[in-house]
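Structural description and commentary
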Amino acid sequence: MPKEVVYSAQIERLQILGPDGSVDESLAQGTLSDGDVKYLYEQMILCREFDEAAFKLQRSGRMGTFPQNKGQEAATLGAAKALRKGIDYIVPYYRENPAMFLHGLPMHYALLHWMGDERGNAIPANLSMSPICVAIGVQTLHAVGIAWAFKRRKEDRAVICFFGDGATSTGDFHEAMNFASILKVPVVFCCLNNQWAISTPCGHQCASETFAQKALAYGMPTIQADGNDLFAMYKVTNDAMERARAGGGPSFIEAVTYRLGDHTTADDARRYRPAAQLESALKVDPIIRTRKYLEAKNLWDATQQAAAEKKAKGIVHDVIGVAEKMPPQSSDDIFDYMYADLPPELQKQKQTLRTDSIGMDPTQVGLQPPRERDTTRGKPMNAE
Amino acid sequence: MAKLDLVAAINQALAQEMEADERVMLLGEDIGVNGGVFRVTDGLQKRFGPDRVVDSPLSESGIIGTSIGLAMAGMRPVPELQFEGFMGPAYDQIVNQAARCRSRTRGAFTCPLTIRVPVGGGIHAPELHSDSPEVVYVHTPGLKVVMPSRPYDAKGLLISAIRDPDPVIFFEPKRVYRAIKEEVPEESYTLPLGKAQVISEGSDLTMISWGAMVSVCLAALDQMPEEASVELIDLQTLSPLDVETITRSVCKTGRAVVVHEAPKTAGLGAEISSLIQEHCFLSLEAPVQRITGFDTSMPYYKLEKQYLPDEDRIMAGVRDCLAY
């Protein structure tokens, strides 16, 4: 038998809204209405304001380490717009505040998380999303499990899982892709390729030309999208979610975007990132691009911009107030959520934290009465 | 009443819980068509279908990670990891994800899953098929760890584990799988997690063990009935520990011997010794003895008999403790 091609594939890339704000009308058809774009643009402004405010909170000592989201607003908002609130499910990592907010998460939850307060993860059940996930790649498997539960119960729901370019190097990512495609569960893998995993550029993360092509090995529909293009991100996500809901199984999206900030507030990207690269990335900032589009269509002007910025500042100010004015957690909370029923030893430890803090309650030691010395066997411990 | 071995008792528990609760599902490598490498899940796929008894890819982290998602979304997954030596790839998901799920979300999410794992040596298995890593998971807050020693207990404990609202690691001693047959009621029943069982009462010395070692302890004690009256405690649940039962007994007897397969240093015996000195200091007649595996890699099976505590080592330890 001669050699023959048994498999071949191509990776498509979708862009609908160009960096200059011009739109491909035919591709844009049936995607976002003018009203949608205006609303999402206002959300972008709000999320950017939140992001910069969170950065300042960290710098002024009012919050712990924070990973800025800026630059990824179009990718996350465009994707989240394709979800049905409270029905479809978001499994995020930690640069998807805009998607989580659009899906209904009160904004102070994200602040609480980075303020070192677990209540930021206590997401109300009706919101249909899991909390911020700091470990890389692990949540891709949880997303598959959640989608699997939806499928088992025949619920009309699908899951979108976000992760970065770095996560595609983890074993869990590949195990998740494999499980998802074998089980044909309703999950969309959305890789936010922001070019950097802390200091590792995506070209050092893997040797393939795209991240999208990783899905080919799992027999999964896959596409690359301009992640700074609201229209393209909405379109590819909507297609993938519809396929998932219709029983078509998982899909993969590579959203090519850019991390405009440092990895986190604990990082200084100037140590490794060429200044010119950041400069050119700033020119394709999704917020600028979306504004150009709106202005070209006479849907937006400077007055509206000023009003939107003012409104965003007000909202963020209030949100910070809510987060900072949360009553402090009780030290009991360290214990009370370890198990549904607190085991006796933990009850004791909880008590000691309230009283003397040495970790062992002296009144609990030697509670049983000492027994009579055994003189029939051996010798007492203190005998010569 | 039917006499069942450990394999059959666990199989029955799984079947009854699947019957009783639509949310319960099994997943793991070779557990479906093949019924598991130890046949613990034999016949269950035929009975409950391939959607509820799922042959998974060879992917331990995937098995546990997807189980966590299933549990977060309201299912009751009972994943199997084929051998304890393959827990490594799933360690991150078990310890950093499942165990913390409830606390890091302040109870908004919970992770009710039961991870079944065959454990321990003594069956001439290949490399990485004979270890005793239970203390690693006992040392992880948020998990419960169970290891039955016999069929009756296994059935009741497993049903409790599956119904438990928190993640449970259910270790099944391989050496016991086919070794003990006993009467096991057909109907479903539970045994409480967190409770040790006093197998035999005694007044001279307390012996504490769990899993496959319990039978070895019994065999050792059978050989020295006239030498001492020994109270044997089978822990059954390793986390949370039943401190009350252990310390009440040792305060009564004044002497304690802990027997486990796992390596000695920082094994669960160390924690038990420490609890005993905290609670029974003035009652002790002798230092707590630990009869354990060695601080070595588990040898290949040609030398596993030398590694594992046996009746002779247990008898010698008891005599040392009594003579102190």
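All residue numbers refer to position in the chain's written sequence, counted from 1. Whichever chain is written first becomes A and whichever ligand is written first becomes 1, with later ones labelled in order. Given that the model is predicted, a residue must reach a pLDDT of at least 70 before its local features are reported, and side-chain atom pairs must reach 80 or more before they are shown or counted; all residues, however, enter totals for whole chains, interfaces and linings. Each side-chain value is derived from all of the structure's non-hydrogen atoms; neither hydrogens nor water enter the calculation.

To continue, consider the overall build of chain A. Numbering of helices and strands starts at the N terminus; helices are DSSP runs of H or I of at least 4 residues and strands are runs of E of at least 2. Secondary structure summary: chain A contains 14 helices and eight strands in total. The principal-axis extent of the C-alpha atoms belonging to chain A is close to 95 × 70 × 45 Å. Taken across its 384 residues, chain A has 53% of its residues classed as buried. Note on definitions: a residue-residue contact is assigned when non-hydrogen atoms from the two residues lie within 4.5 Å. Contacts in chain A between residues far apart in sequence, at least 24 positions, make up 73% of those at least 6 positions apart. Carbon and sulfur atoms form 53% of the exposed surface of chain A, whose accessible area is close to 17,300 Å². Positive residues here are Lys and Arg, negative ones are Asp and Glu, while His and the chain termini are left out of the count. Where a charge lies is defined by one atom per residue type, namely NZ (Lys), CZ (Arg), CG (Asp) and CD (Glu). Placing the 43 positive and 47 negative side-chain charges of chain A at their respective mean positions leaves the two points 1 Å apart. Burial classes follow relative accessibility: with a 1.4 Å probe on protein chains only, a residue under 20% of its type's maximum area counts as buried, one over 50% as exposed, and anything between as partly exposed. The protein chains shown are the only cover counted for residues, whose accessible areas, like all others here, come from Shrake-Rupley with a 1.4 Å probe.

A word on the overall build of chain B. From N to C terminus, chain B includes 13 helices and 14 strands. Atoms counted for the radius of gyration: C-alpha only. Globule rule: 2.2 Å times residue count to the power 0.38. At 19 Å, chain B has a C-alpha radius of gyration in line with the 20 Å of a compact globule built from 324 residues. C-alpha atoms of chain B, sized along the principal axes, occupy 60 × 40 × 40 Å. The buried share among the 324 residues of chain B stands at 65%. In chain B, once contacts between residues fewer than 6 apart in sequence are set aside, the share between residues at least 24 apart is 82%. Accessible surface, chain B: about 11,400 Å² in total, of which carbon and sulfur atoms supply 52%. One finds the centroid of the 30 positive side-chain charges in chain B at a distance of 3 Å from the centroid of its 44 negative side-chain charges.

Okay, the interface of chain A and chain B next. Contacts between the two partners involve 54 residues from chain A, matched on the other side by 65 residues from chain B. Both faces considered, chain A and chain B share a buried interface measuring about 4,700 Å² in area, 57% of it formed by carbon and sulfur atoms. For this analysis, a salt bridge means a side-chain nitrogen from Lys or Arg found within 4 Å of a carboxyl oxygen belonging to Asp or Glu. Joining chain A to chain B, the criterion identifies two salt bridges. Arg106(B) serves as the salt-bridge partner of Glu118(A), at 3.0 Å between the closest nitrogen and oxygen. Those elements giving two or more residues to the side of chain A that touches chain B turn out to be α6 (138-152), α7 (171-183) and α13 (332-336) of chain A. Across the side of chain A that touches chain B, the residue classes break down as 29 nonpolar, 11 polar and 14 charged. Once two parts are put together, the accessible area they lose, assessed with a 1.4 Å probe and summed over both, is termed the buried area. Polar here means any residue other than Ala, Val, Leu, Ile, Met, Phe, Trp, Tyr, Cys and Pro, which are nonpolar, and Asp, Glu, Lys and Arg, which are charged; Gly is therefore polar.

Domain ranges listed in this record stem from an automatic or a database domain assignment. Per the domain assignment, the segments of chain A are domain 1 (13-324) and domain 2 (332-361). Of note, the centres of domain 1 of chain A and domain 2 of chain A, computed from C-alpha atoms alone, are 39 Å apart.

It is worth spelling out the confidence of the model for chain A at this point. Summarising the model, chain A shows a mean pLDDT of 93, and 93% of its residues fall at 70 or more. Within the model, the stretch residues 380-384 of chain A combines pLDDT values under 50 with seven contacts to residues more than four positions away or in other chains. pLDDT: the predictor's confidence for each residue, scored from 0 to 100.

It is worth spelling out the sheet that holds strand β9 (residues 197-200) of chain B at this point. All names here are of chain B. Taking strand neighbours across the sheet as the criterion, the five strands line up as β9-β11-β10-β13-β14 in an open arrangement whose pairing is mixed. The open sheet is flanked by β9 and β14 (289-293), the only strands paired with a single partner. The mean angle between the axes of side-by-side strands here comes to 25°, regardless of whether they run parallel or antiparallel. Pairing of strand β10 (residues 205-209) with strand β11 (residues 230-234), which is carried by five bridges, proceeds in the parallel orientation. Two strands qualify as a pair provided that DSSP identifies no fewer than 2 bridges between them. A fitted line through C-alpha atoms serves as each axis, taken over the contacting stretch for helices, and the angle formed by two N-to-C directions is quoted from 0 to 180°.

What follows concerns the domain arrangement of chain B. Residues and elements named next belong to chain B. Along its sequence, chain B is carved into domain 1 (3-183) and domain 2 (197-323). A straight line from the C-alpha centre of domain 1 to that of domain 2 covers 26 Å. Taken together, the 26 residues of domain 1 in the interface contact 24 residues of domain 2. Together, the buried faces of domain 1 and domain 2 total about 2,000 Å²; carbon and sulfur atoms form 55% of this surface. Taken as a group, His-124, Met-147 and Arg-175 account for 23% of the area that domain 1 buries against domain 2, more than any other trio of residues on that side. For the pair domain 1 and domain 2, the interface holds zero salt bridges. Residues adjacent in sequence count toward polar contacts only when both atoms are side-chain atoms; beyond that, a polar contact is any pair of N or O atoms within 3.5 Å, and within protein one must be able to donate a hydrogen and the other to accept it. Linking domain 1 with domain 2 are 12 residue pairs in polar contact (both at pLDDT 80 or more). Split into classes, the residues belonging to the side of domain 1 that touches domain 2 amount to 13 nonpolar, seven polar and six charged.

Let us look at the pairing of strand β8 (residues 251-256) of chain A. The two faces of a sheet get side chains in turn, since along a regular strand they alternate between them. Residue and element names in this part refer to chain A. Most of β8 is tucked away: six of the six residues are buried. In β8, alternate side chains face the same way, and those of Ser-251, Ile-253 and Ala-255 on one face and Phe-252, Glu-254 and Val-256 on the other are all buried. In terms of strand pairing, strand β4 (residues 187-193) meets β8 through six bridges, oriented parallel. Residue pairing across strands places Cys-191 opposite Glu-254, the latter belonging to β8. Examined bridge by bridge, strand β7 (residues 222-226) and β8 share five bridges and lie parallel to one another. Bridged to Asp-226 within β8 is Val-256. With the strands pointing away from the viewer, any crossover whose connection runs clockwise from the first strand over the helix to the second is right-handed. Once the chain exits β7 it traverses helix α9 (residues 230-245) before rejoining the sheet at β8, and the crossover so formed is right-handed.

Residues and elements named next belong to chain A. One can find Thr-237 in helix α9. Under the relative-accessibility criterion, Thr-237 is labelled buried at 0%. Excluding residues that lie within four positions of it along the chain, Thr-237 makes contacts with Ala-79, Ala-82, Ile-160 and Ile-253.

Turning our attention to helix α9 (residues 213-222) of chain B. Residues and elements named next belong to chain B. Taken together, the buried positions of α9 are Met-213, Val-214, Val-216, Cys-217, Ala-220 and Leu-221. Down the axis of α9, the smallest arc covering the buried residues is 160°, so these residues share one side. Those residues of α9 that are buried lie in contact with α8 (174-177), β9, β10, β11, β13 (256-263) and α13 (311-323). The arc in question is the one traced by the directions running from the helix axis out to the C-beta atoms.

All right, on to the side chain of Asn11(B) then. Residue and element names in this part refer to chain B. Positionally, Asn-11 belongs in helix α1 (residues 6-20). With a relative accessible area of 17%, Asn-11 lands in the buried category. A distance of 3.0 Å separates the side chain of Asn-11 from the backbone oxygen of Asp-42, its partner in a polar contact. The residues touching Asn-11, leaving out its near neighbours within four places in the chain, are Arg-39, Val-40, Thr-41, Asp-42 and Leu-44.

Before going further, it helps to spend a moment on the nonpolar core. With 156 residues, the main nonpolar core has Phe189(A), Ile94(B), Leu235(B), Ile272(B) and Ile276(B) as its most contacted residues. Among the elements that line this core, the one with the most residues is helix α2 (residues 34-59) of chain A, at 11 residues. The residues contacting Ile272(B), other than those within four sequence positions of it, are Ile208(B), Trp210(B), Leu235(B), Leu241(B), Ile246(B) and Val258(B). What we call a nonpolar core is a set of buried Ala, Val, Leu, Ile, Met, Phe, Trp, Tyr and Cys residues that are connected through their side-chain atoms within 4.5 Å.

Let's shift gears to the packing of α9(B) against α13(B). Residues and elements named next belong to chain B. Axis separation between α9 and α13 bottoms out at 9 Å; the angle between their running directions is 65°. Helix-helix and strand crossings are classified by hand; for α9 and α13 the assignment is right-handed. Where α9 abuts α13, its residues Val-216, Cys-217, Ala-219 and Ala-220 lie against Glu-311, Ile-314 and Met-315. Its residues placed into classes, the contact of α9 with α13 shows six nonpolar, no polar and one charged. Here a crossing is taken to be left-handed if its near helix is turned anticlockwise relative to the far helix by less than a right angle, and right-handed if that turn runs clockwise.

All names here are of chain B. Cis geometry is adopted by the peptide bond preceding Pro-240, which originates at Ser-239 and carries an omega value of 0°. At Gln-236, a residue that is not glycine, the phi angle is positive and equals roughly 65°. According to the relative accessible area criterion, Gln-236 is buried, its value standing at 5%. Although it is not a glycine, Ala-266 adopts a positive phi angle of roughly 60°.

This paragraph deals with the sheet that holds strand β2 (residues 89-91) of chain A. Residue and element names in this part refer to chain A. In spatial order, the strands read β1-β7-β8-β4-β3-β2; together these six strands make up an open sheet with parallel pairing. Looking at strand neighbours, the two that pair on one side only are β1 (13-14) and β2, the edges of this open sheet. In this fold α6 packs onto β2, β3 (159-164) and β4, with an angle of close to 175° to the strand it touches most, β3. Each of β1, β3, β4, β7 and β8 touches α9; the most contacted strand, β8, lies at about 170° to it.

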